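As a plain string of letters, each chain reads:
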Amino acid sequence: MPAVGGFDKGTGKAYPGNLTPYVTVTCVVAAMGGLIFGYDIGISGGVTSMAPFLKKFFPSVYRKEALDKSTNQYCKFDSETLTLFTSSLYLAALLSSLVAATVTRKFGRKLSMLFGGLLFCAGAIINGAAKAVWMLIVGRILLGFGIGFANQSVPLYLSEMAPYKYRGALNIGFQLSITIGILVANILNYFFAKIKGGWGWRLSLGGAVVPALIITVGSLVLPDTPNSMIERGQHEGAKTKLRRIRGVDDVEEEFNDLVVASEASKLVEHPWRNLLQRKYRPHLTMAILIPFFQQLTGINVIMFYAPVLFKTIGFADDASLMSAVITGGVNVLATIVSIYGVDKWGRRFLFLEGGTQMLICQVIVATCIGVKFGVDGEPGALPKWYAIVVVLFICVYVSGFAWSWGPLGWLVPSEIFPLEIRSAAQSVNVSVNMFFTFIIAQIFLNMLCHMKFGLFLFFAFFVVVMSFFIYFFLPETKGIPIEEMAEVWKSHWFWSRYVNDGSYSGVELVKENYPVKNV
Ligand code: BGC
């Protein structure tokens with residue numbers, strides 16, 4: 001019987017190629033696309049805990065927080081309008097990733113990145129200049145459109161550019177820049193909140209222009225992926241590019257496979273409808289469940305609301321922003337660990353280790369908060385050591401996420417889809433991710449109010465479910481060329497019934513009918 005997660009290297013393909021400086025620099029620039037997403041995740045939590053911002057746009061929340069000292073701690077920040085501010089962006093991102101699927105497929109990955117940067121820029125300017133709530137919301141919708149385009153195209157770009165042996169590490173550059181974006185935003189919030197006159201929030205929101213310009217300019221100077229050039233008929237140019245990227249002359253085999261994959265993808269007229277075919281069942285399942293589970297780890301409760309959360313458990317304004325900076329730093333460092341390990345230890349190991357670590361921490365944090373706050377949310381005086389212990393375990397939890405579900409939630413989907421469904425499947429991945437990010441952003445404060453410390457146990461439950469899912473259903477994809485990925489499903493104990501030798505993929509059909517010699 002085929003192994004649970006194993007792969008017996010069926011095709012034994014090994015394309016020659018090195019990690020050239022050219023491909024490294026290219027991938028670093030492209031990965032910057034993650035900055036806009038990260039900056040935004042980090043900035044909104046801090047801004048919504050700044051008093052002048054609340055006073056101007058959400059006075060009722062401000063009054064509740066400032067005046068009503070007797071309210072239950074768990075429910076202090078429960079406001080639909082405030083959460084709508086945070087979450088509106090994710091709905092916009094969801095919609096735009098669907099449009100981006102077509103742009104990415106027909107016009108290439110670069111153009112999607114360019115759109116992403118420009119839309120994000122516009123949103124940042126409107127937000128920084130906001131005079132009324134509607135401007136905030138319009139700005140965030142534009143930011144969302146930008147993120148939809150970037151998250152659709154950047155992970156695909158990276159996975160296509162990278163030599164397969166280093167695909168994990170290079171792709172995680174995207175997640176690394178997400179985490180750097182979050183950290184920079186947290187640090188800026190910390191300082192901008194101190195600006196006299198209370199207009200620091202304008203700098204926080206308007207500052208998003210900087211990462212937006214980086215990816216806009218970046219997308220203009222980046223080369224096309226060879227896949228994308230072949231798709232547009234530039235075969236000779238693509239081969240030269242592939243030689244340059246891989247740093248070797250012998251790129252024949254990989255080039256031919258790319259041509260074949262591209263021919264196959266041209267035969268596909270309805271990539272969306274195609275996704276529903278039986279042989280794509282494992283891909284569709286992963287495109288839906290991986291982002292769903294990533295969000296159900298509960299990470300964004302920490303990312304969006306860390307300052308609010310830390311305030312809830314008894315930190316002063318300043319100290320709570322500072323702790324958010326600490327969790328942000330841990331997030332970046334732990335992501336670097338996964339860059340180091342992903343192509344050595346594999347995806348499954350990281351998923352399972354990270355899951356176990358998160359689970360343990362969630363149970364401990366729930367217990368700590370439960371013991372002190374009880375169900376009525378009245379903590380009394382909180383000893384300092386207690387708050388430190390909570391922050392410590394939150395950090396261990398964040399690091400568990402940062403070397404597992406964080407990067408892998410973007411890497412694994414981008415490397416398992418065959419070219420003929422790649423753009424469509426990736427946009428399912430992005431939209432599901434954004435939808436659940438939206439749900440969590442929208443209802444977290446309300447959940448905290450009702451589920452209290454049990455909220456952490458709620459997410460812990462899902463971490464158990466997702467770890468079992470990975471153990472039984474996700475095959476290892478480390479060290480396998482993208483266009484050879486069909487083999488991992490064929491040798492999997494469960495998925496082999498959907499993807500078997502009888503169910504040819506588009507690529508195989510083309511290979512049979514049009515064997516490619518030297519193009
Ligand atoms: C997730 C985000 C999350 C971030 C935290 C990303 O992979 O998609 O929702 O906020 O990681 O680092």
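Residues numbered from 1 in each chain as written. Predicted model: local features only at pLDDT ≥ 70, side-chain atom pairs only at ≥ 80, totals over all residues. Heavy atoms only, no water.

1. Topic: the overall build of the protein chain
Argument step 1. Across its full length, the protein chain carries 24 helices and zero strands.
Argument step 2. Residues classed as buried in the protein chain amount to 63% of the 519 residues present.
Argument step 3. Long-range pairs, those at least 24 residues apart, make up 83% of the contacts in the protein chain between residues at least 6 apart in sequence.
Argument step 4. By element, 69% of the accessible surface of the protein chain is carried by carbon and sulfur atoms, the whole surface being about 18,800 Å². (Helix = DSSP H or I, 4+ residues; strand = E, 2+ residues; numbered from the N terminus. Buried < 20%, exposed > 50% of the residue type's maximum accessible area, 1.4 Å probe, protein only. Contact = heavy atoms within 4.5 Å. Areas by Shrake-Rupley, 256 points an atom, 1.4 Å probe, with all protein chains shown as cover.)

2. Focus on the site of the ligand
Argument step 1. What surrounds the ligand is a group of 14 residues, the closest being Q175, Q294, Q295, N300 and N331.
Argument step 2. A distance of 2.7 Å is found between an oxygen atom of the ligand and a side-chain nitrogen or oxygen belonging to Q175.
Argument step 3. Note that an oxygen atom of the ligand is positioned 3.3 Å from one of the backbone N or O atoms of G406.
Argument step 4. Burial of the ligand by the protein amounts to 100% of the accessible area it has alone, namely 310 Å².
Argument step 5. Breaking the shell around the ligand down by element, the ones donating at least two residues are helix 2 (33-47), helix 8 (167-192), helix 15 (281-296), helix 16 (299-312) and helix 20 (405-416).
Argument step 6. With three residues, helix 8 is the single largest residue contributor to the shell around the ligand. (Near = heavy atom within 4 Å. Polar contact = N/O pair within 3.5 Å; in protein donor to acceptor, adjacent residues only side chain to side chain.)

3. A look at the packing of aromatic side chains
Argument step 1. Taken as a whole and assessed by the stated rule, the structure comprises 31 aromatic pairs.
Argument step 2. For the pair Y340 and W345, a centre-to-centre distance of 5.8 Å together with 70° between the ring planes defines the contact as edge-to-face.
Argument step 3. Ring geometry for F473 versus W493: centroids 5.7 Å apart, planes at 35°, classification tilted. Taken as a pair, F473 in helix 22 (residues 454-473) and W493 in the loop between helix 23 (486-490) and helix 24 (506-513) lie far apart in primary sequence, 20 residues in all.
Argument step 4. For F473, a relative accessible area of 23% puts it in the partly exposed group.
Argument step 5. Overall, the relative accessible area of 26% leaves W493 in the partly exposed class.
Argument step 6. For the cation-ring pair, K56 lies above F57, with the distance from its terminal atom to the ring centre recorded as 5.7 Å. (Phe/Tyr/Trp six-rings, centres within 6.5 Å; stacked < 30°, edge-to-face > 60°. Lys NZ or Arg CZ within 6 Å of the ring centre and 35° of its normal.)

4. A word on helix 19 (residues 384-402)
Argument step 1. In this model helix 19 runs 27 Å from its N-terminal to its C-terminal C-alpha over 19 residues, within 8% of the 27 Å that 1.5 Å per residue would give.
Argument step 2. Of the positions making up helix 19, those classed as buried are Y386, A387, V390, V391, I394, C395, Y397, V398, S399, G400, F401 and A402. (Expected span 1.5 Å × (residues − 1).)

5. Some thoughts on the nonpolar core
Argument step 1. One finds F53, F58, W405 and M434 to be the most contacted residues of the largest nonpolar core, which totals 128 residues.
Argument step 2. It is helix 21 (residues 419-451) that provides the largest number of residues to this core, a total of 14 residues.
Argument step 3. In this view, M434 contacts F37, Y90, A93, L94, I147, N151 and W410; residues no more than four positions away in its chain are not counted.
Argument step 4. Of all hydrophobic cores here, the second largest spans eight residues; its members include M229, I230, L258 and V259. (Core = buried A, V, L, I, M, F, W, Y, C linked by side-chain atoms within 4.5 Å.)

6. So, the state of the cysteines
Argument step 1. Counted under the stated rule, the structure contains zero disulfides.
Argument step 2. The thiol sulfur of C395 is not disulfide-bonded, and the nearest other cysteine sulfur, from C361, lies at 9.6 Å. (Disulfide = S-S within 2.5 Å.)

7. Let's talk about the side chain of N227
Argument step 1. Mapped onto the secondary structure, N227 falls in helix 11 (residues 226-231).
Argument step 2. Once you skip the residues sitting within four places of it in the chain, N227 turns out to touch E160, L258, R422 and E483.

8. Regarding the packing of helix 20 against helix 21
Argument step 1. One can describe the packing of helix 20 onto helix 21 by two numbers: an axis separation of 9 Å at closest approach and a directional angle of 155°. One finds that helix 20 runs roughly antiparallel with respect to helix 21. The two elements helix 20 and helix 21 meet at a crossing, and its hand is right-handed. Counted together, G409, W410, P413 and S414 of helix 20 and Q426, N429, V430, N433 and M434 of helix 21 form the full contact between these two elements.
Argument step 2. Taken together, the residues of the contact of helix 20 with helix 21 break down into four nonpolar, five polar and no charged. (Axes fitted to C-alpha atoms, helices over the stretch in contact; angles between N-to-C directions. Parallel < 35°, antiparallel > 145°, perpendicular 65-115°, else oblique. Left-handed = near helix turned anticlockwise from the far one by under 90°. Nonpolar A, V, L, I, M, F, W, Y, C, P; charged D, E, K, R; others polar.)

9. Regarding the packing of helix 12 (residues 235-246) against helix 13 (residues 252-267)
Argument step 1. It is the contact of helix 12 with helix 13, at a shortest axis distance of 10 Å, that shows an interaxial angle of 135°. Put simply, helix 12 runs oblique to helix 13. Here helix 12 and helix 13 pass one another in a crossing that is right-handed. Contacts between helix 12 and helix 13 pair H235, A238, K239, L242, R243 and R246 from the former with E252, E254, F255, L258 and V259 from the latter.
Argument step 2. Considered class by class, the residues forming the contact of helix 12 with helix 13 number five nonpolar, one polar and five charged.

10. Structural notes on the pattern of salt bridges
A side chain of one charge can pair with a side chain of the opposite charge when the charged atoms of the two come close.
Argument step 1. Summed over the entire model, instances satisfying the criterion amount to nine salt bridges.
Argument step 2. Put simply, R347 and D343 hold a salt bridge, and the shortest N to O gap is 3.0 Å. Considered together, R347 and D343 belong to a single accessibility category, that of buried residues.
Argument step 3. Put simply, R347 and E415 hold a salt bridge, and the shortest N to O gap is 2.8 Å. Of the two residues, R347 is situated in helix 18 (residues 347-373) and E415 in helix 20; the sequence distance between them amounts to 68 residues.
Argument step 4. Several salt bridges converge on common partners, so that one network encompasses R167, D343, R347 and E415. (Salt bridge = Lys/Arg side-chain N within 4 Å of Asp/Glu carboxyl O.)

11. Brief notes about the side chain of Q426
Argument step 1. Topologically, Q426 is positioned in helix 21.
Argument step 2. Of the residues examined, Q426 reaches a relative accessible area of 0% and is grouped as buried.
Argument step 3. If we ignore the near neighbours within four places in the chain, the residues touching Q426 are N151, Q152, P155, L156, W410, P413, S414 and F417.

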